[in-house]
Amino acid sequence: MNTVGDADANGLEVRPFRGVRYVPERVGSLAAVTSPPYDVVVRPDGLLHLESADPHNIVRLILPQATTPAARNHQAAETLGTWLGEGILAPDTEPSLYVYEQHDGDILQRGIICTLRLSDASEGIVLPHEDVMPHVVEDRAALMRATSANLEPLLLTYRSDGDATGATAVIERTALRAPLLSTTTEDGFSHRLWSVTDPAEIAEIQSDLARHQALIADGHHRWATNLRLRAEHPSPSPWDHGLVLLVDTARYPLRVRAIHRYLHRLPVADALAALGDSFRVRTVEGPLGHALDALAEAATKGNAFVLAGDGAFHLIEHPSPDLLARTIPEGYPEAWRTLDATVLHATLLDHVWKIPDAPEHIAYIHDTAATVEKAERDGGTAVLMHPVREEVVRDLARQGVTMPRKSTSFGPKPASGLVLRSLDF
């Protein structure tokens, strides 16, 4: 994101912390104990796969399994305490900032894992771009209260002028050193982590980042959770800061992908019938990649979606202008009113299909193939989305306009399990 405009304004206030990490000798492999972020894990198949990968996989902390929410959170707290007591996890000896690298083919992402002073959106330091679901915030808050820990970092982006100075200079110097850990996860990404403990280098990073504001790329619910927990604890306290990964997208651009919707109770035939003549509908040939190419082409001309779940792919495009005029709220920028996510929620879900935005009706799934497979297996409708351009997200965030929840998926996302933060250390 841009630098803070007012010379006297506060920017990003980062601090080192004593990272809690797996002790390599106590686990099968570092790759086997990592997980995607909690909201990316496809349940139940992906959850079971991760649980069986290693008895100490981080998923047992971020997605504990028990019969009630209270039991799940208690189990996570007990598991964390046990792993710390048995030396499966251990805190580093001194506070550090951590340089984190992800690499796969032509994708290279580097950033700083740190604790960041929490701030409200009105302060203009950390800008959200999506709405959140209250029940998810409460779920994450209960887990964090029970464990007294930040179990996985949020992904935040900022934009420098592109020069190798300040934080970027420290990152690139550090990446020439031997890492604390190096592993390759089954998705093909290699992960490396370094600690930065030199006071001069920490000060260099802090001074640079204090001139910037950030965009929440991934982790809106966890950020909202952090703010809720901060409000519950008198300041100053460890809850005044949250665990984040900060990436300079001027140096390391992120990918932006769509998050798809699965409609549990709406068969594809009923979804198509309800459209009437309000959208143009045509069946496109598979396989999935071909259907997504057709969606990408249609998206250059206006709002478009692919419906799947009945063995075919149905491209719906060219919504009726009259329908949009009746269903899209006024008083928002044109960029927001024309978003696919806005049209999906305000027009299709609320008006045409009359589906409440509740977990029993809608699932949000990052993996495209998994969304289609679930629809075909369970008889509902997969709504496949085209990603939003990062510039649109950034511009709306600058205007203080939030997009419909789960509108974007920035990546690559940090692997969960490489470094945690306990508020007790």
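Residues numbered from 1 in each chain as written. Predicted model: local features only at pLDDT ≥ 70, side-chain atom pairs only at ≥ 80, totals over all residues. Heavy atoms only, no water.

### A few points about the packing of aromatic side chains
Counting across every chain of the model gives three aromatic pairs. Taking the centre distance of 6.2 Å and the plane angle of 50° together, the rings of tyrosine 22 and tryptophan 83 count as tilted. You can see tyrosine 22 sitting in strand 2 (residues 20–22) and its partner tryptophan 83 sitting in helix 4 (residues 69–85), a full 61 residues away along the chain. Given a relative accessible area of 3%, tyrosine 22 falls into the buried group. With a centroid separation of 3.8 Å and an interplanar angle of 20°, the aromatic rings of tyrosine 332 and tryptophan 336 are classed as stacked. The cationic tip of arginine 140 hangs over the ring face of tyrosine 38; the distance from NZ or CZ to the ring centre is 4.0 Å. (Phe/Tyr/Trp six-rings, centres within 6.5 Å; stacked < 30°, edge-to-face > 60°. Helix = DSSP H or I, 4+ residues; strand = E, 2+ residues; numbered from the N terminus. Buried < 20%, exposed > 50% of the residue type's maximum accessible area, 1.4 Å probe, protein only. Lys NZ or Arg CZ within 6 Å of the ring centre and 35° of its normal.)

### Examining the packing of helix 4 against helix 5 (residues 134–147)
It is the contact of helix 4 with helix 5, at a shortest axis distance of 8 Å, that shows an interaxial angle of 35°. The element helix 4 and its partner helix 5 pack so that their crossing is right-handed. Only Asp139, Ala142, Leu143, Ala146 and Thr147 of helix 5 make contact with helix 4, whose side of the interface consists of Arg72, Asn73, Ala76, Ala77 and Leu80. The class makeup of the residues in the contact of helix 4 with helix 5 is six nonpolar, two polar and two charged. (Axes fitted to C-alpha atoms, helices over the stretch in contact; angles between N-to-C directions. Left-handed = near helix turned anticlockwise from the far one by under 90°. Contact = heavy atoms within 4.5 Å. Nonpolar A, V, L, I, M, F, W, Y, C, P; charged D, E, K, R; others polar.)

### Topic: the pairing of strand 9 (residues 181–184)
Residue alternation in strand 9 divides its side chains into a buried set, Leu181 and Thr183, and an unburied set, Ser182 and Thr184. Summarising the sheet, strand 9 and strand 10 (residues 190–196) pair through four bridges and their orientation is antiparallel. Counterpart to serine 182 in the pairing with strand 10 is arginine 192. With antiparallel pairing between neighbouring strands as the criterion, strand 9 and strand 10 make up a hairpin whose turn holds five residues, including glycine 188 at a positive phi of roughly 95°. (Pairing = 2+ DSSP bridges.)

### So, the sheet that holds strand 19 (residues 381–384)
Strand order in the open sheet formed by six strands is 15-17-16-19-14-18, with antiparallel pairing between adjacent strands. Bordering the open sheet on either side are strand 15 (280–284) and strand 18 (362–365), each of which pairs with just one other strand. The sheet shows a mean angle of 25° between the axes of neighbouring strands, taken without regard to direction. With three bridges joining them, strand 14 (residues 260–263) and strand 19 adopt antiparallel strand pairing. Bridging from a neighbouring strand, arginine 261 pairs with valine 383 of strand 19. Together, strand 14, strand 16 (304–308), strand 17 (313–317), strand 18 and strand 19 form the strand contacts of helix 13 (residues 340–352), whose direction differs from that of strand 16 by roughly 60°.

### As for the pattern of salt bridges
The full count for this structure, using the stated rule, is 28 salt bridges. With a shortest N-O distance of 2.3 Å, arginine 228 and glutamate 138 are connected by a salt bridge. Taken together, the positions of arginine 228 in helix 8 (residues 220–232) and glutamate 138 in helix 5 put the pair 90 residues apart, joining distant regions of the chain. Take arginine 228: its relative accessible area is 32%, and that puts it in the partly exposed class. The exposure class assigned to glutamate 138 is partly exposed, which follows from its relative accessible area of 33%. Connected through shared salt-bridge partners, Glu13, Arg15, Arg117 and Glu123 make up one network. (Salt bridge = Lys/Arg side-chain N within 4 Å of Asp/Glu carboxyl O.)

### As for the environment of arginine 257
Tracing the sequence through the fold places arginine 257 in strand 13 (residues 255–257). Placed 69 residues apart in sequence, arginine 257 and arginine 326 show a C-alpha to C-alpha distance of 29 Å. Excluding its chain neighbours within four sequence positions, the residues that come into contact with arginine 257 are Pro387, Thr408 and Ser409.

### Section: helix 15 (residues 390–398)
When helix 15 is considered as a whole, its buried residues turn out to be Glu390, Val392, Val393, Arg394, Leu396 and Ala397. On the buried face of helix 15, the contacting elements are strand 6 (126–127), strand 8 (154–158), strand 11 (214–218), strand 13, helix 12 (334–337) and strand 20 (409–411). Backbone geometry just downstream of helix 15 places glycine 400 in the positive-phi region, at approximately 75°.

### Description of the packing of helix 5 against helix 8
Where helix 5 contacts helix 8, the two axes come as close as 9 Å, and the packing angle between them is 60°. With respect to each other, helix 5 and helix 8 are oriented oblique. The handedness of the crossing between helix 5 and helix 8 is right-handed. In this structure, helix 5 uses Val136, Val137, Glu138, Arg140, Ala141, Met144 and Arg145 to contact helix 8, whose residues at the interface are His221, Ala224, Thr225, Asn226, Arg228, Leu229 and Glu232. Taken together, the residues of the contact of helix 5 with helix 8 sort by class into six nonpolar, three polar and five charged. (Parallel < 35°, antiparallel > 145°, perpendicular 65-115°, else oblique.)

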